[in-house]
Amino acid sequence: MSIIGIGIDIIKKSRIEKIKNLFKNKFAKKILHKLEFKKYKFSKDKIKFLTKRFSVKEAFVKSLGIGIRNGISFKDLKIYNNNLGKPKIKVFKKTLKFLKKNNVIQIHISISHEKKYFCSMVILEN
């Protein structure tokens, strides 16, 4: 296997908080997969939930090398944790087609945060 893409993102939690306060649930609906949105509604810390997912999705689209275009959407990405708590990503629609076309077989995700900042890294392998 070889690395075909790396993406990293860092974001200040207060930036997402301002956006959420301004746009309410419209922002969440714009960036969250429908199953993530269901979890979001019951989340105790909605800002943390949004910030973490936004950071991972930004890092992911950067690893693709094309960003958000050609039908690729944050809503087509679902971030979840496996039974050991490791973050994973599931892709749908045009994003899935793009990964298959580029022979991506492995997606590695790392998320880190402290009080004010969230950082994510994504590595794609074929």
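Everything discussed here concerns the structure shown above.
Here we summarise the structure given alongside this text. (Residues numbered from 1 in each chain as written. Predicted model: local features only at pLDDT ≥ 70, side-chain atom pairs only at ≥ 80, totals over all residues. Heavy atoms only, no water.)

1. Some details on the side chain of Asp9
Now for step 1: Secondary-structure assignment places Asp9 in strand β1 (residues 3-12).
Now for step 2: The contact partners of Asp9, leaving out residues within four places of it in the chain, are Ser55, Glu58, Ala59, Lys62, Phe118, Cys119 and Ser120. (Helix = DSSP H or I, 4+ residues; strand = E, 2+ residues; numbered from the N terminus. Contact = heavy atoms within 4.5 Å.)

2. Observations regarding a positive patch on the surface
Now for step 1: Taken together, the side chains of Lys29, Lys34, Lys38, Lys41, Lys75 and Lys93 define a basic patch exposed on the protein surface.
Now for step 2: Examining the composition of the positive patch, we find that 3 residues originate from one element, helix α3 (residues 34-41), more than from any other.
Now for step 3: Secondary-structure assignment places Lys29 in helix α2 (residues 25-31). (Patch = residues over 30% accessible without salt bridge, like charges linked within 9 Å, V, L, I, M, F, W, Y side chains within 5 Å. Areas by Shrake-Rupley, 256 points an atom, 1.4 Å probe, with all protein chains shown as cover. Salt bridge = Lys/Arg side-chain N within 4 Å of Asp/Glu carboxyl O. Lys, Arg positive; Asp, Glu negative; His and termini not counted. Charge placed at Lys NZ, Arg CZ, Asp CG, Glu CD.)

3. Quick look at the environment of Lys30
Now for step 1: By the element assignment, Lys30 lies in helix α2.
Now for step 2: Spatially, the C-alpha atoms of Lys30 and Ile89 are 17 Å apart, while their sequence positions differ by 59 residues.
Now for step 3: With near-sequence residues (within four places) excluded, Lys30 lies in contact with Phe74 and Lys75.

4. Description of the pairing of strand β2 (residues 77-81)
Now for step 1: Pairing between β2 and strand β3 (residues 87-91): 5 bridges, direction antiparallel. Paired with Lys78 across the bridge in β3 is Lys90.
Now for step 2: Hairpin connection, β2 to β3: the antiparallel pair is bridged by 5 residues, and Gly85 has positive phi, about 95°. (Pairing = 2+ DSSP bridges.)

5. Some remarks on unusual backbone geometry
Now for step 1: The backbone of Lys24 shows a phi angle near 55°, a positive value even though the residue is not glycine.
Now for step 2: Along the chain, the position of Lys24 falls in the loop between α1 (13-23) and α2.
Now for step 3: In the Ramachandran plot, Lys93 falls in the positive-phi region, its phi being about 55° despite a non-glycine side chain.
Now for step 4: Checked against the element boundaries, Lys93 lands in helix α5 (residues 93-101).

6. With respect to the nonpolar core
Now for step 1: Of all hydrophobic cores here, the largest spans 29 residues; its most connected members are Leu32, Leu50 and Phe60.
Now for step 2: Looking at this core, the elements with two or more residues in it are α2, α3, α4 (46-64), β2, β3 and β5 (117-125).
Now for step 3: Here the element with the most residues in this core is α4; it accounts for 8 residues.
Now for step 4: Once you skip the residues sitting within four places of it in the chain, Leu50 turns out to touch Ile16, Lys20, Phe27, Ala28, Ile31, Leu32 and Tyr40. (Core = buried A, V, L, I, M, F, W, Y, C linked by side-chain atoms within 4.5 Å. Buried < 20%, exposed > 50% of the residue type's maximum accessible area, 1.4 Å probe, protein only.)

7. A few points about the environment of Gly65
Now for step 1: Relative to the helices and strands, Gly65 is located in the loop between α4 and β2.
Now for step 2: For the pair Gly65 and Gly7, spaced 58 residues apart in sequence, the C-alpha to C-alpha distance is 8.3 Å.

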